[in-house]
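Chain residues, written in single-letter form:
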Amino acid sequence: MFFFDKLNLGSGFQRYFEIAPALDLEHKRKVFRIRHEVYCEELKFEPERPDRMETDQYDRHSLHCLMSS
């Protein structure tokens, strides 16, 4: 069974990472700040915003999640 556990990416992922839905405003703001850092500041896909929050028209219909190790 140990051999098959090594091949199961899902169980390996769960061993090292935790995913939590961003259900409240505080956690959603954290998601939007991370998106701004990645899409606007690092990758330059979107213009930087004064509030450092990257949001779009789909956010109110989306489930946002945060991943930690």
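Bear in mind that the values here come from a model prediction, so they are computed numbers and not experimental data.

(A) Examining a nonpolar patch on the surface more closely. A surface patch of nonpolar side chains, about 520 Å² in accessible area, is lined by Phe13, Tyr16, Phe17, Ile19 and Met67. Along the chain, Met67 falls in strand S2 (residues 65-68). Judged by its relative accessible area of 52%, Met67 is exposed.

(B) Summary view of the nonpolar core. Counting 5 residues, the largest nonpolar core consists of Ala22, Val31, Phe32, Met53 and Leu66. Those residues within four positions of Val31 in sequence are excluded, and the remaining contacts are Ala22, His64, Cys65 and Leu66.

(C) Representation of the environment of Asp59 within the structure. Inspection of the secondary structure puts Asp59 in the loop between helix H3 (25-42) and S2. Overall, Asp59 belongs to the buried group, its relative accessible area being 10%. Here the alpha-carbon distance between Asp59 and Lys28, two residues 31 residues apart in the chain, equals 9.5 Å. Among all residues touching Asp59, those that are not within four sequence positions of it are Phe32, Arg35, Glu54 and His64. A polar contact is formed between the side chain of Asp59 and the side chain of His64, at a distance of 3.1 Å.

(D) Spotlight on H3. Over its 18 residues, H3 runs 24 Å from end to end, which matches the ideal 26 Å to within 8%, given 1.5 Å per residue. For H3, the principal kink sits at His36 and spans about 25°. Along H3, the residues classified as buried are Val31, Phe32, Arg35, His36 and Cys40. On its buried face, H3 is in contact with S2. Backbone geometry just downstream of H3 places Lys44 in the positive-phi region, at approximately 60°.

(E) Structural context of unusual backbone geometry. With phi around 60°, Lys44 is a residue other than glycine that occupies positive phi space. Counting through the fold element by element, Lys44 comes out in the loop between H3 and S2. Backbone geometry at Arg52 places phi at a positive 55°, although glycine is not the residue there. With respect to the secondary-structure elements, Arg52 resides in the loop between H3 and S2.

Here is what the cut-offs are and how they apply
- Residues numbered from 1 in each chain as written.
- Predicted model: local features only at pLDDT ≥ 70, side-chain atom pairs only at ≥ 80, totals over all residues.
- Heavy atoms only, no water.
- Patch = residues over 30% accessible without salt bridge, like charges linked within 9 Å, V, L, I, M, F, W, Y side chains within 5 Å.
- Areas by Shrake-Rupley, 256 points an atom, 1.4 Å probe, with all protein chains shown as cover.
- Salt bridge = Lys/Arg side-chain N within 4 Å of Asp/Glu carboxyl O.
- Helix = DSSP H or I, 4+ residues; strand = E, 2+ residues; numbered from the N terminus.
- Buried < 20%, exposed > 50% of the residue type's maximum accessible area, 1.4 Å probe, protein only.
- Core = buried A, V, L, I, M, F, W, Y, C linked by side-chain atoms within 4.5 Å.
- Contact = heavy atoms within 4.5 Å.
- Polar contact = N/O pair within 3.5 Å; in protein donor to acceptor, adjacent residues only side chain to side chain.
- Expected span 1.5 Å × (residues − 1).
- Bend = angle between axes of the 7 residues up to and from the residue.

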